[in-house]
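# Architecture at a glance
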Amino acid sequence: MLRVRSYLAALLASAALAGQVTAQATGTVSGRVTDAAQQPISRARVTVANRMATTALDGSFVVSAVPAGTQIVRTVLLGYREAVDTVVVTAGQITTVAITMEALAVELTDIVVIGYGEQEKRDVTGVVTEVTADQFNTGRVISAEGLIRGKVAGVQVSEGNGGEPGGGMSVRIRGGTSITSSNEPLYVIDGVPLPVGGGLSAGRNPTNFLNPEDIESITVLKDASSTAIYGSQGANGVVLIQTRSGRGASAAASGWAVTYRGTVSGSKIVANPTMLNADQFRQAVIDFGPPGADTLLGNANTNWLREVEQSGFGQEHTVVVAGGAEKTSFRSSLGYLRQDGVLKASRSERLSLNLAFNQLLFNDRLSLQANLMGARTKDQFTPGGVLGSALNMAPTEPVFDTASIYGGYFEWDNPLAANNPVGLLNLVSDEGVTYRSLGNLTTVYSMPFLPGLSATARVGYVVTNAERRFFAPSNNKGQTEIANPGVVSRFNPTETSSLVDGFLTYDRTLNNHQLSVTGGYAYTQRRQDSPYFEARGLTSNQLGLYGVPTAALQRTTLFVEEAKLASWFGRANYSFRDRYLLTATVRRDGSSKFGPGNQWGTFPSAAVAWRISEEAFLGDAFSDLKLRLSWGKNGNQGFASYLQYKAYQFGDAQAQVQFGPEYVNTIRPSAADPNIKWEETTSWNLGLDYGLWDNRVSGALELYNKKTKDLIFDVIVPSGTNLSNVVTTNVGSMKNRGIELTLNALMVRGADGGFSWDANFNAAYNSNQLVVIDPFAGGTEQILTGNAISGGVGTYIQVLTPGQPVNSFFVYQHKRDASGNPIYEDNNGLDAEGRLTGLPDGNIDEQDLYVDQPTVLDSTGQMVPDGRVNQDDRRPFHSPAPKWILGHTSQFRYRNFDMGLTLLAQVGNYAYNNVASSTGFYDQLSDAARPNNLHSSVLDNGFENPQYFSDSYVENASFLRLENIELGYTFRGGLLDGARVFGVIQNVFTLTGYSGIDPAATISGIDNNIYPRSRTFTGGLSLTF
Amino acid sequence: MRNRRISTLFIASALLAMMGCDITTEPVSTVTDASIFADRSSYRAYLAKLYAGLSLTGQQGPHGAGDFARLDEGFSQYNRQLWQLQELPTDEAVIAWNDAGLPELTTQLWSSSNQFVQMMFSRVYFQVSQVNEFLRATPDDSLVARGHDNMIDTVHAYRAEARFLRALSYWHGIDLFGDIPLVREDFGIGNTPPTQSTREEVYAYVVAELTEIRSELPAVGTGDYGRADQGAAAMLLAKVYMNSEVYTGTARYAEALTEIETAIAGPYTLNANYQDNFLADNNTSPEFIFAIPYDGVRSRTWGGTTFLAHAGCGGAMANADYGLDGCWWGLRVKPEFVALFPAPQDASPDGRAIFYTNGQALAVASITNFTDGWAAPKYQNVTSGGAPGSNATHPDTDFPMFRLADAYLMYAEVVARGAGGNAGTAVGYVNALRQRAYGDNSGDITAPDLTPDFVLAERGRELWWEGHRRTDLIRFGQFSTAGVWAWKGGVQAGTTTAAFRNLYPIPATEILANPNLTQNPGY
């Protein structure tokens, strides 16, 4: 409270002062900003003695109340080199100045967005990488995250589910610092943070409400110096998304412009898992099934995967109207997208509206910016189980069966056999509609009584209202196998997040000293309401998704969760002689997610930089050379609320307990850790920015070291010490170390329409290691982790163990034959004492197949095998995280043609082929009742029993992919002046040794029935009126 | 003026920001322990949860809002796991499914990473820690502080029941795992791992607890159905004493006999028809001393009799005949169990031989093939009158944990061991069971027939698939180093296994979480 009072007092004081503008000798500076070709430049920011103006469409500006004397005029705009001019201002007079700005050769902008402000790039001391719209990935990119894949060193962007249209994305910046699911960076859109992980959605990806056409730039903050201003939310990095504002309007005479951009596309599946064909399957059933099982098989030859796929057509249209006048600018855009998936019944659709309005008021002292965006995204899902069924369904059976009571589709009678995927596809409906709006109103006021002091106040909100609808008719085979067949359900989550922040910024330049100080307060409040209902045992299937006929069983649930975050933050940037730079940041966060003693955390950072290129001794070769060093602490609080409470949950009416004649409802307290505290990441970064030959070659080299302690994870508790088997608590620490290298080069610079080639290379190496696990006094060595794999129930094959990367696979070492293939033979058994005999025992099991690792100490202190193969012989074996992530972008121009391509590679990432491990063994056929198809790997390894824990399923999934290639043609002159037509191919080719369908399967490393990736061809045009 | 207006805007925004000072949010869709007991019905609701720990898996039926994380909820049910660990490694049962660790239960080749072993261990301690929390939340002074003085007597009775349930789980714990941590209610919630107690210490604690609380429980046979009374306490004590030699090295058959007689003296009588004890209306059985109730509408789970009835159905069996919506193709019996019954076993004069043989081979050539081994529809979802249960997925059938027949056979066993009791009475008890099984006295035995081996076989015939077999075999020395049946040791013919198999391993996850624990020998 004390702090709040003093802040208030300062504001009251400023209010009092504001009334009495001191009379001072001032003059006015006016002028015009143009480019080298004398074309006017609008929306450039002109600053004279801490007074600011923005140029109008004709390039003109007026800055009033400038103190008399010699003043520096700084003019900045994205895409141009900063212009610095000197004027002499005379009291009471208008001084005119003509300013020329030089467009940058390579797309290096001089101003970058940072947390709570902007900064000139040369003054940046942290690791801030900006990707502007013209560098984005092209083609059909539905989600914002996909725009920067391969573009930023050390940023791994993965689909959560393969090639699903608009599917969820995961982003890992420098390897991620947490072991919970919340390794996602913080997204901040125009200053408004999105809820962790992007927030809720009833569809695929919560960030899909953004139309990529509305995004001007995406800036990634990587080191602690740049993210510390976001304190407890910054540990996994911060992604700042700036949307376009009216300043993007072209300077048409009428003051406004209309642009249209439209594309159409088609997609085809690239690869499918290899299952046995009908002949192979029939032979397998004869060889390995029970006697006579083959007589149950049909005579069809059905490729079930082909039956559920389709060509995915797509179209996207965006119309933008933008314009402005001297003090006003606006932009509105309307977008429509529809993309069909390559699996039947999947589709993503988006209708988006984006409004931006900027206004200068009160002698240009007050700048008002309002952004409003809203979208409806509608996702249709291929019903869950279709892919799995398509893999497992026997290829000898037909799709249709006129005698079938299951909607006319062939089905096995046995409930354990696979269901007909086409029946599932055609009978079941699953869709989600998400309405999401994000808006903010930001006012920046330049205080009149103290030049250089400005105040910013922002209110923002994110509101999401979603609906997930599901319907399965009572005659679908899966439904007939359960009680009360036929289900219709709705899930209607709502999330409201509101933000208020205010901060003061003071800029002062005195001789060689330049100081910029920012300090303020932010408060966010979030609430999620999740009502759900389902009705089962439908008496009719005619109403489908949209009604509940009489149902035998109905269930409704409601869950509400709230969270609050209050923050004080401050930052000081100081530079001396433009070459010695210092940044200090501190943020103090209070979060509702922790118990009373642990609610508040302080997150400081500091950075220094030396612009060596300013030093005389360096000569002219380097146009830029800057050495940076930063240190800082960040937190992570990306998990559910209420972990600190023993929360009693009420049982429902189907979970009652019989007490004599009556049934009693139950209550149950949850496990709790009242002392749960922040995850805290401490990181160091040493960086070097370089630019050679007038920045013809430029880039950066970074070295970093991050240490995270008090990792929060769900761990199995010592039995009897808590109210469930698992509690969420602080468990240990881990570290990430890495190197990043970026190189931008203007390889060929053609004169006036000649051939030019810009290239970007980025490479990042990250090494992750879990250091300690110590959730409970006395410690523990391993925690099984990851997602349960398919096959068996509750089978985990990943581990957290000190000294190994997080989520390492945890498998047996399969014995190999001379040619390196995993063996499958009976050569060993156990005696009555449980010791290996070295003799066949009539039984092929883990004693035969896996290596008995040295796990016990002998009398001489050597680790030796213990004479049997058991749990202790599983060992950590590689991890899903890539060692290296490499990206390359090239842009070619020749006369009216342009061409671009993006290459992406990952090296050292491993994947567990769960499709093969869960279906590639003959024992699947040993029961005549379950004639499920097998993965073709069984033909090679001959496994009869499942070998879920064999390292033979953990494969090197390094790959090189030509992510996209684009060719464009721009019309010059005539009716179509400025129009551009283009064609793009995405996912052109992938080089990999991985045997599954997609080496980039998922970030988790478990490759199981993911949505197949497609190759997409897109053609489009853009027009400006 | 203008400037003042603008400044006012900033002050307003600062005021808005001040609202952020209180950053505490309390749960709104759940209730914290600070306020849950403001409602007097919470005591009863929490006691119900302690019983639900035996029958259900979470706060939604049949699944949802589970008691555990990272374990399959349907699998994790107490009754189901206890049953699997007690039956699958014995001569009585085999299950077809391939879930990781499940075939190893049938072959006795489990390891410390076996997820089903882990689930059972977790279930035992879920009960223990929930009971402890209940006891911590309901002392007299807390009731007085809440103004609930007039509930003290009621809550005392609840506390006695809670302690019965804790003793029951501790018994299961020492029976299955040997030396385990003894965690009492004075051991608060936190991150300090408990130390390992010996099997004997926990045994003594169970006996002391049951002795202390029995007078606070309703008299024998007078408790509400589904709840513990002095009959249940006597049966539990009897079971603990019967196995005392295994747990402590000292036989205590005399103490067992006292408890057995207490139970038999209660108002229980044999159900006229054996199979009626395992049908949808078995809640009316006069024979049950302590049962785990299920209900197709109000108490739903994927464990319990939902599992037993469905898993035992497959092959050519018509699910509707058993009141079920489908079969799960899982459980059969092994041929050695079939051989316990007089021939012809598929139409045995002993009515307890409830087998389905159509399309089923007697030999279990493959564990995973349902049609290898006879099916055994002992648990069914139809009433004694032939009507289907209230729900075809979730049977109304209750699970008998303690029933009078078990007391009779324990009495007979004490006599057969020469440890007390009256031989004539014992033969009378056995013949009462056999006359029900045969429908007449053609199966009667005489006193010389009453040998320990006979009792073990008779317990198999009478109490099969009721979760007693492993404990019985160990008490008779027939579980590991002696006794051979299909797939024991991993081969179809069966082989003996090492003595350490008499105990399950402490789960590997538990060893990792609690450095105070020492693994059982052999694992």
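Residues numbered from 1 in each chain as written. Chains lettered and ligands numbered in written order. Predicted model: local features only at pLDDT ≥ 70, side-chain atom pairs only at ≥ 80, totals over all residues. Heavy atoms only, no water.

## A closer look at the overall build of chain A
- Counting secondary structure elements, chain A contains ten helices and 52 strands.
- Taken over the C-alpha trace, chain A has a radius of gyration of 31 Å; the compact-globule value for 1025 residues is 31 Å, and the two agree within 12%.
- For chain A, the proportion of its 1025 residues judged to be buried stands at 60%.
- Taking the contacts inside chain A whose residues are at least 6 apart along the sequence as the reference set, 69% of them involve residues at least 24 apart.
- Of the accessible surface of chain A, which amounts to about 38,000 Å², a share of 55% is contributed by carbon and sulfur atoms.
- The centroid of the 79 positive side-chain charges in chain A is displaced by 9 Å from the centroid of its 94 negative side-chain charges. (Helix = DSSP H or I, 4+ residues; strand = E, 2+ residues; numbered from the N terminus. Rg over C-alpha atoms; globule rule 2.2 N^0.38 Å. Buried < 20%, exposed > 50% of the residue type's maximum accessible area, 1.4 Å probe, protein only. Contact = heavy atoms within 4.5 Å. Areas by Shrake-Rupley, 256 points an atom, 1.4 Å probe, with all protein chains shown as cover. Lys, Arg positive; Asp, Glu negative; His and termini not counted. Charge placed at Lys NZ, Arg CZ, Asp CG, Glu CD.)

## A word on the overall build of chain B
- The helix and strand inventory of chain B stands at 18 helices and five strands.
- At 26 Å, chain B has a C-alpha radius of gyration in line with the 24 Å of a compact globule built from 523 residues.
- If one aligns the C-alpha atoms of chain B with their principal axes, the spans along those axes are about 110 × 50 × 50 Å.
- Sorting the 523 residues of chain B into buried and exposed places 65% on the buried side.
- In chain B, of all internal contacts separated by at least 6 residues, the share reaching a separation of at least 24 is 66%.
- Taken as a whole, chain B presents about 15,600 Å² of accessible surface, with 51% of it coming from carbon and sulfur.

## A closer look at the interface of chain B and chain A
- Residue-level contacts link 114 residues of chain B with 116 residues of chain A.
- In total, chain B and chain A occlude about 9,700 Å² of area from one another, counting both sides; carbon and sulfur atoms represent 59% of this.
- Between chain B and chain A we count four salt bridges in total.
- With a closest N to O distance of 2.3 Å, E662 of chain A and R44 of chain B form a salt bridge.
- Counting every contact that joins chain B to chain A gives 30 residue pairs in polar contact (both at pLDDT 80 or more).
- At the level of secondary structure, the elements contributing two or more residues to the side of chain B that touches chain A comprise α1 (2–18), β1 (31–32), α2 (41–55), α5 (115–137) and α18 (508–513) of chain B.
- Take the side of chain B that touches chain A: its biggest share by element is 13 residues, from α1 of chain B.
- The pairing of strand β31 (residues 647–650) of chain A with β1 of chain B spans two bridges and is classified as antiparallel. Looking at the pairing, A647 of chain A lines up with T32 of chain B of β1 of chain B. (Buried area = accessible area lost by both parts, 1.4 Å probe. Salt bridge = Lys/Arg side-chain N within 4 Å of Asp/Glu carboxyl O. Polar contact = N/O pair within 3.5 Å; in protein donor to acceptor, adjacent residues only side chain to side chain. Pairing = 2+ DSSP bridges.)

## Details of the confidence of the model for chain A
All names here are of chain A.
- Chain-level statistics for chain A give a pLDDT mean of 87 and a share of 94% at 70 or above.
- Between the elements of chain A, mean pLDDT differs from a low of 40, seen in helix α1 (residues 2–19), to a high of 97, seen in strand β32 (residues 657–659).
- Here residues 248–254 is a poorly scored stretch, pLDDT under 50, and it has six contacts once near neighbours within four places are set aside; other chains count. (pLDDT = per-residue confidence, 0-100.)

## Focus: helix α3 (residues 278–288) of chain A
Residues and elements named next belong to chain A.
- Within α3, burial applies to A278, F281, A284 and V285. The arc enclosing the buried residues of α3, seen along the axis, measures out at 125°, which places them on a common side.
- Its side-chain oxygen 3.1 Å from the backbone nitrogen of D279, N277 forms the N-cap of α3. (Arc of directions from axis to C-beta.)

## A word on the state of the cysteines
Residue and element names in this part refer to chain B.
- Within the structure shown, the criterion is met by one disulfide over all chains.
- Disulfide partner of C313: C327, at an S-S distance of 1.9 Å. Of the two residues, C313 sits in the loop between α12 (304–311) and β4 (331–332) while C327 sits in the loop between α12 and β4, which places them 14 residues apart along the sequence.
- By relative accessible area, which is 5% here, C327 ends up buried. (Disulfide = S-S within 2.5 Å.)

## Observations regarding the sheet that holds strand β16 (residues 238–243) of chain A
Residue and element names in this part refer to chain A.
- Pairing in this open sheet of five strands is mixed, and the strands run β10-β15-β16-β13-β14 from one edge to the other. Among the strands making up the open sheet, the edge pair consists of β10 (128–132) and β14 (192–193).
- Where strand β13 (residues 186–189) lies against β16, four bridges are found, and the strand directions are parallel. In the strand pairing of β16, Y187 is matched with V239.

## Points about the side chain of S890 of chain A
All names here are of chain A.
- In this fold, S890 is placed in strand β45 (residues 884–894).
- Here H888 takes part through its side chain, which lies 2.8 Å from a polar atom of the side chain of S890.
- Not counting residues within four places of it along the chain, the set of residues in contact with S890 comprises W757, D758, A759, M899, G900 and L901.

## Some details on the packing of aromatic side chains
- Summed over the entire model, instances satisfying the criterion amount to 60 aromatic pairs over all chains.
- Centre to centre, the rings of F921 of chain A and Y948 of chain A are 6.5 Å apart; their planes meet at 85°, and the pair counts as edge-to-face. Residue F921 of chain A is located in the loop between α9 (914–919) and α10 (937–941), and its partner Y948 of chain A is located in the loop between α10 and β48 (954–956); the two are separated by 27 residues in the primary sequence.
- Relative to W465 of chain B, the ring of W464 of chain B lies with its centre 5.4 Å away and its plane at 65°, an arrangement referred to as edge-to-face. Exposure class is identical for W464 of chain B and W465 of chain B. Each is buried.
- Members of the aromatic cluster, joined through ring pairs, are W83, W97, W302, F307, W328, F337, F341, F355, W374, W464 and W465 of chain B.
- A cation sits over an aromatic face here: R123 of chain B above F126 of chain B, 5.3 Å from the ring centre. (Phe/Tyr/Trp six-rings, centres within 6.5 Å; stacked < 30°, edge-to-face > 60°. Lys NZ or Arg CZ within 6 Å of the ring centre and 35° of its normal.)

## Notes on the side chain of R526 of chain A
All names here are of chain A.
- You can see R526 is positioned in strand β26 (residues 513–538).
- For the buried R526, no salt bridge is present, and the opposite-charge side chain at shortest range is E495, 5.1 Å distant.
- The contacts of R526, once residues within four sequence positions are left out, are L194, P195, V196, E495, T496, S497, E561, E562 and A563.

## Concerning the sheet that holds strand β5 (residues 69–76) of chain A
Residues and elements named next belong to chain A.
- With antiparallel pairing, the four strands of this open sheet are ordered in space as β3-β2-β5-β6. In this open sheet, the two edge strands, each paired with only one partner strand, are β3 (51–54) and β6 (83–89). When strand polarity is set aside, the average angle formed by the axes of neighbouring strands in this sheet is 25°.
- Sheet topology note: the strand β2 (residues 45–48)/β5 ladder contains four bridges and is antiparallel. Within β5, the position partnered with V46 by the bridge is T75. (Axes fitted to C-alpha atoms, helices over the stretch in contact; angles between N-to-C directions.)

## What to know about the pattern of salt bridges
Residues and elements named next belong to chain B.
- The final tally for this structure, using the stated rule, is 74 salt bridges over all chains.
- Between D350 and R352 there is a salt bridge, with its nearest N and O atoms 2.9 Å apart. Both residues of the pair, D350 and R352, belong to the buried class.
- A cluster of three or more residues bridged by salt bridges with shared partners is formed by E287, D350, R352, K378, R403, R434, R436, E458, R461, E462 and E466.

## Notes on unusual backbone geometry
- At the junction of G61 of chain B and P62 of chain B, the peptide bond is cis and its omega measures out at -5° in the coordinates.
- The amide bond that connects A343 of chain B to the next residue, P344 of chain B, takes the cis arrangement and shows omega of -10°.
- Within the element layout of this structure, P344 of chain B appears in the loop between α13 (335–338) and β5 (399–403).
- For W693 of chain A, which is not glycine, the phi dihedral falls at a positive 45°.
- The residue W693 of chain A is located in the loop between β35 (679–692) and β36 (697–716) in this model.

## Points about the packing of helix α7 (residues 152–177) of chain B against helix α8 (residues 199–213) of chain B
Residues and elements named next belong to chain B.
- Two elements in contact, α7 and α8, have axes separated by 9 Å at closest approach and are oriented at 155°. As far as their axial angle goes, α8 and α7 are roughly antiparallel. Read as a crossing pair, α7 and α8 show a hand that is left-handed. The segment α7 lies against α8, with A160, R163, F164, R166, A167, Y170, W171, I174 and D175 engaging R199, V202, Y203, Y205, V206, E209, L210, E212 and I213. (Parallel < 35°, antiparallel > 145°, perpendicular 65-115°, else oblique. Left-handed = near helix turned anticlockwise from the far one by under 90°.)

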